[in-house]
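Reading the structure
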Amino acid sequence: MNRRCLMRLVFSVSVLAAEACASEMVPFVIPAAVNPDSVIRMDWRELTEQDRLTAKEHFFTASGRRVRLWGVNLSFGANFPTHRDAERIAERMAAFGVNAVRCHHMDTAGWPQGIWDETGRELHPEAVDRLDYFIDQLARRGIYTNLNLHVGKKHSAALGLPEPTTDYDKMVTLFTPELIQAQKDYARKLLTHKNPYRGNIRCAEDYAVAIVEITNENSLFMWGAENALRNLPPFYADILEQQYNAWLKKKYGTTEKLKQAWDKPIQPLGDNLLMPVDSGSPAWFLEQHEQARARLAALPDENGGKAVAIEIQNIDGTEWHLQYNHRQLKLQQERYYTVRFCAKAPTPREITVSVTQAHEPWENMGLYQQVHLTAEWQEFTLGFTATRSDGNARLNFAFGADVGDIGLGNIFMASGGQIGLYPDESLENGRVAFMVDRPIKSRQLDRMMFLAETEKAFFDGMRAFIKKDLNCRAMVTGTIVFGPLGLYVQSDMDFIDSHAYWQHPRFPNRPWDAGDWLIEQKAMSRFPEQAALFELAAERLAQKPFTVTEYNHPAPLDSQAECVPMIASFAAAQDWDGVWLYTYSHSSDQWNRAHLNSYFDIDSNPAKWGFMPAGAGIFRQGLMQPSRTAPLTDWLTASTAAESLAALHLKFDRNMLAASGKPWQEYVQARRAGGRTSAVADMTWDVIENKGLYTCRSDACFVLAGSTERFSGVGQGTSVQISSPAFAAVAITALDGKPMEQSERILITACGRCENTEMQFSEDRRTVGKNWGTAPVLIEPVEGTIVLPASGGQRMTCTTLNPDGAAGRQIAVKDAAVELKAEYGTMWYLVER
């Protein structure tokens, strides 16, 4: 990339790297109370009516000022602090640059962890009082509130309905009339009550309540949706099938017309493409990765034929670490294929069946489905349309996520075999099945369009209810984007939202088992092709604001320090409108904690919280301007035909980056039309010899994350020499907003690893189980030299900052060179002219 004249400040870095684990860790506990003497404490101004936000192409106040939201989540009981704690929390958030709080999981539990009283049907008065006071304290410090409606409440249980097979009533809340009404009742209770601390105004009319979210991560296209919809309890399955038949009746009118649409020429079932499992063919292969182990044995199937037993000896919780697959398959794009097999498991369990490339980049080719095995043999018949042609594809059974042996037999795969309309199906009798195996493409597309229109009717109806019936003046969004049809569903919300996590913890045996979990020690800067950021960028809708209301690189990742500077700079470069870290805290009574307590809480995590002031400058205050005038997803507009999105969804599922047709590199290389200025973001991201490096800069800020050995050569005329650690994140920001060579106050934030005292990692550092260690929390300080651009011979001074932001020791600055040393025990350096 040619970076000449892109910015007035350009850095060049040379590195003398050492192993991260050899670096000394130092305590760095950022206190819960704000020190009035903090030299980096940010100023705030109380919200007024003129600050009421509206959604246009971006977020604007009533006075026409554009606002970006830089926020954090609060979860469960953390939404209901005592009055005294509310004041301190609001002040701390404002001091670190936060201007938005998302109140999440308020509805999941009863008081004191949630908002419900002991009946589970009414709001607890103390919960409401504490929430009201907190909203007011946030507003007094310039912080907006985002209220989530349905997150975890199981309205089905409260209403005495059958228990769904989905967590938190997800999916069934989108089409079950009783559950839709329950959500409206809760919205009315929450939004129409009057806040005595806000002049007795209704919550729905309060300018401090900027956003209302209808439901969290909830869609008929969400992860595992097809499998969940196949296995709905009869009560919910019957409702959905009745609605489906009514939709088909409205579209086609008669069975004859439906038959004409679905019974297009159907290719008969061809010959088996697979070798027998007992043939000894090398096409069948048992894949074992990392520590996962299994072995094969002969097994008679239910008809006395040959089958294979897969005896699992060890798992590590990663599904693809154990696979049984048939390679060397030749598939043709747009051709339909049928997969049939028998399977059983002595202990009921799930396995995943897929068809993918048998070579890099291992792309899915149209089939990815979980099936549930029982102790008895079952026959499964699946079908898919190949998304591409490939001369070396594979049928794959993946089972490394759970314990339990498996039997597989009569495995068959052939082209053809689609089903249009079954002979006993009739619109007149309302007997067209919602889910069938091997549906023809036209039947698949109709089912997908029905789901999309059903879901869109829910969200549009809920938004109208909130806006019109409740007279709510907040901006309203539905849920996050789940693929092309998910974006269509959300297209009439006030803005588009998404969530992403890098290396979310996995639980091999039991969901959310605090003693049995794994995190892959991978830095996102090292794996740009897998990075969550590009998928987010592809989910935008033209002319709509875009936000990410949950984002994190969970602890105890060695690379978690890259989280905040990367999301802040990337979001600024892409011109997004809001970012919320997940989460500030889950607890209502641990505000003085001095150690990491979980994967997500950032209030006591200096690798996240310590970068928040820099992130606020980069993203919220505009130190970095967008790298282009419009998002790369301009091809997606509110008028894009739903049918074309359905075809994309059928082909790419939820992979919006693939659906966009643009490689991830285009999002890095995007340039502002009509030229650039030095205030505009200049981003680079690549990997050389397995060492990744992400940089993003403007004339007023500079972010680097990745292998410090690669820092050298990224700038011109200035150098940074680092002796340790081998991985680090660095953010350099002009606190006064001026170009760096003119700035009178520059903050350097630098950090390597972050962990607790006596934290007990496994040998591969993928888990600490329940052994999170004790206070104080420790950081790995960055050692080296940063040479800042000199300006007219002005004298520079540098002060190390204590964890409370107060001035520490003075450091001599010679020739604009700032020395970073472990002995200073800090991640913050303030440079002044």
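As the structure is a computational prediction, the values presented were derived from the model and not from experiment.

Of regular secondary structure, the chain possesses 16 helices and 37 strands. Taking 2.2 N^0.38 as the reference for a compact globule, 833 residues should give roughly 28 Å; the C-alpha atoms of the chain span a radius of gyration of 28 Å, in line with that estimate. Principal-axis analysis of the C-alpha atoms gives the chain an extent of 85 × 65 × 55 Å. Looking at the chain as a whole, 61% of its 833 residues are labelled buried. Look at the contacts in the chain between residues 6 or more apart in sequence, and 75% of them connect residues 24 or more apart. For the chain, the exposed surface amounts to about 30800 Å²; the carbon and sulfur share of it is 48%. Of the side chains in the chain, 85 bear a positive and 100 a negative charge, and the two mean positions are spaced by 5 Å.

In this section: the sheet that holds strand β29 (residues 727-734). The 8 strands lie next to each other as β25-β26-β27-β29-β30-β37-β34-β35, forming an open sheet whose pairing is antiparallel. Only two strands of the sheet have a single partner each, and these edge strands are β25 (682-688) and β35 (807-811). When strand polarity is set aside, the average angle formed by the axes of neighbouring strands in this sheet is 15 degrees. Relative to strand β26 (residues 691-698), β25 is paired through 7 bridges, and the arrangement is antiparallel. Paired with Thr684 across the strands is Thr695, a residue of β26. The strands that helix α11 (residues 563-574) touches are β25, β26, β27 (701-707) and β29; relative to β26, the one it contacts most, it runs at about 55 degrees. Running at roughly 55 degrees to β29, helix α13 (residues 612-620) makes contact with β27, β29 and β30 (745-751) of the sheet.

Moving on, we come to the side chain of Lys456. Structurally, Lys456 is set in helix α8 (residues 441-469). For Lys456, a relative accessible area of 9% gives the class buried. There is a polar contact of 2.5 Å between the side chain of Lys456 and the side chain of Asp492. If sequence neighbours within four positions are ignored, Lys456 has contacts with Gly461, Tyr488, Val489, Ser491 and Asp492.

Right, let's talk about the environment of Thr145 for a bit. Topologically, Thr145 is positioned in strand β7 (residues 144-150). Thr145 gets classed as buried once you look at its relative accessible area, which sits at 2%. On a C-alpha basis, the gap between Thr145 and Met222 in space is 26 Å, while along the polypeptide they are 77 residues apart. For Thr145, the residues in contact, after removing those within four places along its chain, are Val101, Cys103, Ile135, Leu138, Ala208, Val209, Ala210 and Ile211.

Here the focus is the environment of Val277. Relative to the helices and strands, Val277 is located in the loop between α7 (255-262) and β11 (284-288). Separated by 31 residues in sequence, Val277 and Val308 have C-alpha atoms that sit 6.8 Å apart. The residues contacting Val277, other than those within four sequence positions of it, are Trp284, Lys306, Ala307, Val308, Tyr324 and Ile411.

Within the largest apolar cluster, 224 residues are counted, with the highest numbers of intra-cluster contacts made by Val72, Met93, Ile115, Trp576 and Trp609. If one sorts the elements of this core by residue count, α8 sits on top with 10 residues. Other than its neighbours up to four places away in sequence, Trp609 contacts Ile30, Val72, Arg92, Met93, Phe96, Val98, Tyr584, Ile602 and Asp603. Ranked by size, the runner-up nonpolar core spans 38 residues in total, among them Ala292, Ala294, Met365 and Ile411.

Turning next to the packing of aromatic side chains. A full pass over the atoms with the stated rule returns 39 aromatic pairs. Geometrically, the ring pair formed by Phe341 and Phe397 is edge-to-face, given 5.2 Å between the ring centres and 80 degrees between the ring planes. Of the two residues, Phe341 is situated in strand β15 (residues 336-344) and Phe397 in strand β19 (residues 390-398); the sequence distance between them amounts to 56 residues. As far as burial versus exposure is concerned, Phe341 and Phe397 are alike and both buried. A centroid spacing of 5.2 Å and a plane angle of 85 degrees characterise the contact between Trp685 and Tyr694, whose relative ring orientation is edge-to-face. For the residue pair Trp685 and Tyr694, the accessibility class agrees, reading buried in each case. Members of the aromatic cluster, each reached through a chain of ring pairs, are Tyr501, Phe507, Trp512, Trp517, Tyr582, Tyr599, Phe600 and Trp772. The ring of Phe527 has Lys522 sitting right over it, with the charged end atom 4.5 Å from the ring centre.

Spatial strand order, β2-β32-β31: 3 strands in an open sheet with antiparallel pairing. Lying at the two open borders of the sheet, with one neighbouring strand each, are β2 (26-27) and β31 (754-757). One ladder, built from 4 bridges, connects β31 with strand β32 (residues 774-779); its direction is antiparallel. Within β32, the position partnered with Cys754 by the bridge is Ile779.

This brings us to the pattern of salt bridges. All chains considered together, the criterion is met by 46 salt bridges. Two residues, Arg198 and Asp206, come together in a salt bridge whose shortest N-O distance is 2.9 Å. A relative accessible area of 3% places Asp206 in the buried class. In this structure, Glu520 engages Arg766 in a salt bridge whose closest nitrogen and oxygen atoms are separated by 2.6 Å. With Glu520 in the loop between β22 (496-501) and α10 (532-537) and Arg766 in the loop between β31 and β32, this pair connects stretches of sequence that are 246 residues apart. We classify Arg766 as buried; its relative accessible area is 9%. Each of Asp558, Arg753, Glu755, Arg765 and Glu780 takes part in one network of salt bridges that share partners.

Quick notes on the rules
Residues numbered from 1 in each chain as written. Predicted model: local features only at pLDDT ≥ 70, side-chain atom pairs only at ≥ 80, totals over all residues. Heavy atoms only, no water. Helix = DSSP H or I, 4+ residues; strand = E, 2+ residues; numbered from the N terminus. Rg over C-alpha atoms; globule rule 2.2 N^0.38 Å. Buried < 20%, exposed > 50% of the residue type's maximum accessible area, 1.4 Å probe, protein only. Contact = heavy atoms within 4.5 Å. Areas by Shrake-Rupley, 256 points an atom, 1.4 Å probe, with all protein chains shown as cover. Lys, Arg positive; Asp, Glu negative; His and termini not counted. Charge placed at Lys NZ, Arg CZ, Asp CG, Glu CD. Pairing = 2+ DSSP bridges. Axes fitted to C-alpha atoms, helices over the stretch in contact; angles between N-to-C directions. Polar contact = N/O pair within 3.5 Å; in protein donor to acceptor, adjacent residues only side chain to side chain. Core = buried A, V, L, I, M, F, W, Y, C linked by side-chain atoms within 4.5 Å. Phe/Tyr/Trp six-rings, centres within 6.5 Å; stacked < 30°, edge-to-face > 60°. Lys NZ or Arg CZ within 6 Å of the ring centre and 35° of its normal. Salt bridge = Lys/Arg side-chain N within 4 Å of Asp/Glu carboxyl O.

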